[in-house]
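Analysis of the macromolecular model
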Amino acid sequence: MSTNLLSDRINSLSTSQTLAMAAKARELKAQGIDIISLSLGEPDFNTPEFIKEAAIAAIHDNYSKYPPVDGYVDLKEAICLKFKRDNKLVYTPSQIVVSTGAKQSLYNIGQVMINPGDEVILPAPFWVSYSEIIKMSGGIPVEVPTSIDTDFKMTPQQLQAAITDKTKMMWFSSPCNPSGSVYSEAELTALVAVLEQHPQIFVVADEIYEHINFSDKHCSIAAIGNMIERTITVNGVAKAFAMTGWRIGYIGAPEFIAKACTKMQGQVTSGANSIAQRATIAAVTADPSVLNEMVQAFRGRRDLVVGLLQDIPGLKTNIPEGAFYVFPDVSHYFGKTIQGIEVKNADDFSFLLLEKAHVATVTGEAFGNPNCIRLSYATSEDLLKEALKRIKDTLTN
Ligand code: PMP
Ligand code: GLU
């Protein structure tokens, strides 16, 4: 194909490995191969009925015109109440921007905050799209490697060491995709102590897995000290409310950043889907206890998957406290040939599992960690048991 006719920008962009692996798994399934996909971070639950009803009512109420570019006012008010209720964050509607998914919120932030040459600190592993979104803005991702030994969390010393006079931002997720790690209030406070010495650094706190948290409590970095003045809190309904396809995300941010993101959307999308926005009002105003059953199911699956992984020789497994991923260190197998496949790195290991176990996972390389692979446990217990059995058989036979 004539990639030379395309822009340098798109030619230098990596394909999203999460979406690519999901597509590959679908393709193999269509060929009749019995693939179990643990690749995509997508709840297998259906969107709750009360949210669907709100969308149907919105259709009947003729919400068919262009919505305000930054979101309906009553949705933005509902998001402010949610931020106060769940995160102790006081935002006004002028600080909220509703987008076509948290991914677009992140893209907006990259475009409106980053100049070419600006450095953005990324504790690694990080979510796959951060580095590409930053690069698309001309920014330089500065990866700070962490390992299973520190539960994949960045220490204040590491943060301090990564800061230069070019550092513009730090982006992170808690609960973390892909490690499932959750930063405690004490850990975030220690990072803030470093950031307080560098008031020019802005923070992106991606809290899209906020409700899928098995630890004590979710803590928002923007609620610590004066961080609200330089934090962009990103959230959305995709994960907690099983609404990945509805494509709604949002930010709470300093007003000048919210205005800039709105300006950007005004030229690019004209705002997020009107029906999905009306449904999102029902989601964000619901008491989070409606999610208890789903969160308990994820916790049960987490325990199941971690237990089965611990039973496989050579894998070092973290115990994720949130999200629905586990990120085992598979480096024990590097340099070995298994079932005729030479495993040099995490890419090869993930390929081995796809080819021989027919289980789709995502290589840790995509998330900035070369020793691990990511498994999503957002699927049924029966499929998880079968997948883990196949992995064990592949590695031990
Ligand atoms: N941030 C993280 C950490 C994610 O895992 C995802 C997954 N899609 C997103 C952002 C994007 O969410 P959305 O589907 O709302 O665009
Ligand atoms: N966030 C999910 C994942 O990490 C969905 C895929 C994507 O948006 O890249 O798998």
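Whatever comes next refers back to the structure up there.
This report concerns the structure included in the present document. As the structure is a prediction and not an experimental result, all values here were calculated from the model. (Residues numbered from 1 in each chain as written. Chains lettered and ligands numbered in written order. Predicted model: local features only at pLDDT ≥ 70, side-chain atom pairs only at ≥ 80, totals over all residues. Heavy atoms only, no water.)

Here's the deal with the pattern of salt bridges
The cut-off we apply is this: A side-chain nitrogen of Lys or Arg and a carboxyl oxygen of Asp or Glu constitute a salt bridge if their distance falls within 4 Å. Each residue is placed in one exposure class: buried if its accessible area under a 1.4 Å probe, protein chains only, is under 20% of its type's maximum, exposed if it is over 50%, and partly exposed if it falls in between.
Enumeration over the complete set of coordinates arrives at 17 salt bridges. Between aspartate 70 and lysine 76 there is a salt bridge; the shortest N-O distance is 2.7 Å. Classification of aspartate 70 by relative accessible area gives buried; the value is 18%. Classification of lysine 76 by relative accessible area gives buried; the value is 6%. Linking aspartate 151 and lysine 153 is a salt bridge whose minimum nitrogen-to-oxygen distance equals 3.6 Å. Residue class for lysine 153 comes out buried when judged on its relative accessible area of 10%. One salt-bridge network, held together by shared partners, links Lys82, Arg85, Asp86 and Glu210.

Examining the nonpolar core
In a soluble, globular protein the nonpolar side chains are often hidden away together inside. Stated precisely, the cut-off is as follows: What makes a nonpolar core is a set of buried Ala, Val, Leu, Ile, Met, Phe, Trp, Tyr and Cys residues whose side-chain atoms join them at distances within 4.5 Å. Two residues qualify as a contact provided that any one of their heavy atoms is within 4.5 Å of a heavy atom in the partner residue.
Grouped together as the largest cluster of nonpolar side chains are 107 residues, with contacts concentrated most on Ile109, Met169, Trp171, Ile232 and Phe349. Isoleucine 232 has contacts with Ile109, Met169, Val203, Val204, Ala205, Ile251, Gly252, Ala253 and Ile257, leaving out every residue within four places of it along the chain. If you look at the next biggest cluster of nonpolar residues, it comprises 21 residues, including Ile121, Leu191, Val192 and Val203.

Comments concerning the sheet that holds strand E13 (residues 362-363)
Using the following cut-off: Two strands make a pair as long as DSSP finds a minimum of two bridges between them. Helix and strand assignments come from DSSP, with helices taken as H or I runs of at least 4 residues and strands as E runs of at least 2, each series counted from the N terminus.
Overall, antiparallel pairing links the 3 strands, which are arranged E9-E14-E13 in an open sheet. Lying at the two open borders of the sheet, with one neighbouring strand each, are strand E9 (325-326) and E13. Examined bridge by bridge, E9 and strand E14 (residues 373-376) share 2 bridges and lie antiparallel to one another. Residue pairing across strands places valine 326 opposite leucine 375, the latter belonging to E14.

Quick notes on the packing of helix H4 (residues 73-87) against helix H10 (residues 274-285)
For clarity, the cut-off: Note on method: axes are straight lines fitted to C-alpha atoms, helices fitted across the in-contact stretch only, with angles between N-to-C directions ranging 0 to 180 degrees. Roughly parallel covers angles under 35 degrees, roughly antiparallel covers those over 145, roughly perpendicular covers 65 to 115, and oblique covers all other angles. We call a crossing left-handed when the near helix sits turned anticlockwise from the far one by less than a right angle, and right-handed when that turn is clockwise. When residue character is reported, Ala, Val, Leu, Ile, Met, Phe, Trp, Tyr, Cys and Pro are called nonpolar, Asp, Glu, Lys and Arg charged, and the others, Gly included, polar.
As a packed pair, H4 and H10 sit with axes 9 Å apart at the nearest point and diverge in direction by 25°. Overall, the two elements H4 and H10 adopt an arrangement that is roughly parallel. Both H4 and H10 take part in a crossing whose hand is left-handed. Within the contact between the two elements, H4 uses Asp74, Leu75, Ala78, Ile79, Lys82 and Arg85 and H10 uses Gln277, Arg278, Thr280, Ile281, Val284 and Thr285. When grouped by side-chain class, the residues that make up the contact of H4 with H10 number 5 nonpolar, 3 polar and 4 charged.

Regarding the site of ligand 2
Spelled out, the test is: The cutoff for a nearby residue is simple: one of its non-hydrogen atoms must lie within 4 Å of the molecule or strand. N or O atoms within 3.5 Å of each other form a polar contact, as long as, within protein, one can give a hydrogen and the other can take it, and as long as residues adjacent in sequence are counted only when both atoms are side-chain atoms. Using a 1.4 Å probe, accessible areas were evaluated by the Shrake-Rupley method; residue-level cover was limited to the displayed protein chains.
Around ligand 2 sit Ser16, Thr18, Leu19, Leu40, Gly41, Lys103, Trp127, Asn177, Lys239, Tyr325 and Arg374, and those are all the residues in its vicinity. Between a nitrogen atom of ligand 2 and a side-chain N or O atom of lysine 239, the distance comes to 3.1 Å. In this structure, an oxygen atom belonging to ligand 2 sits 2.8 Å away from a side-chain N or O atom of arginine 374. Taking 280 Å² as the accessible area of ligand 2 by itself, protein coverage stands at 88%. Its residues assigned to classes, the shell around ligand 2 comprises 4 nonpolar, 4 polar and 3 charged.

Some remarks on the site of ligand 1
Neighbouring ligand 1 are the residues Gly101, Ala102, Lys103, Trp127, Asn177, Asp206, Ile208, Tyr209, Ala238, Lys239 and Arg247. For ligand 1, a nitrogen atom lies 3.1 Å from a polar atom in the side chain of lysine 239. For ligand 1, the protein covers 93% of the area, taking 380 Å² as the surface of the free molecule. In terms of residue class, the shell around ligand 1 is made up of 5 nonpolar, 2 polar and 4 charged.

Honestly, it's all geometry; don't read function into it.
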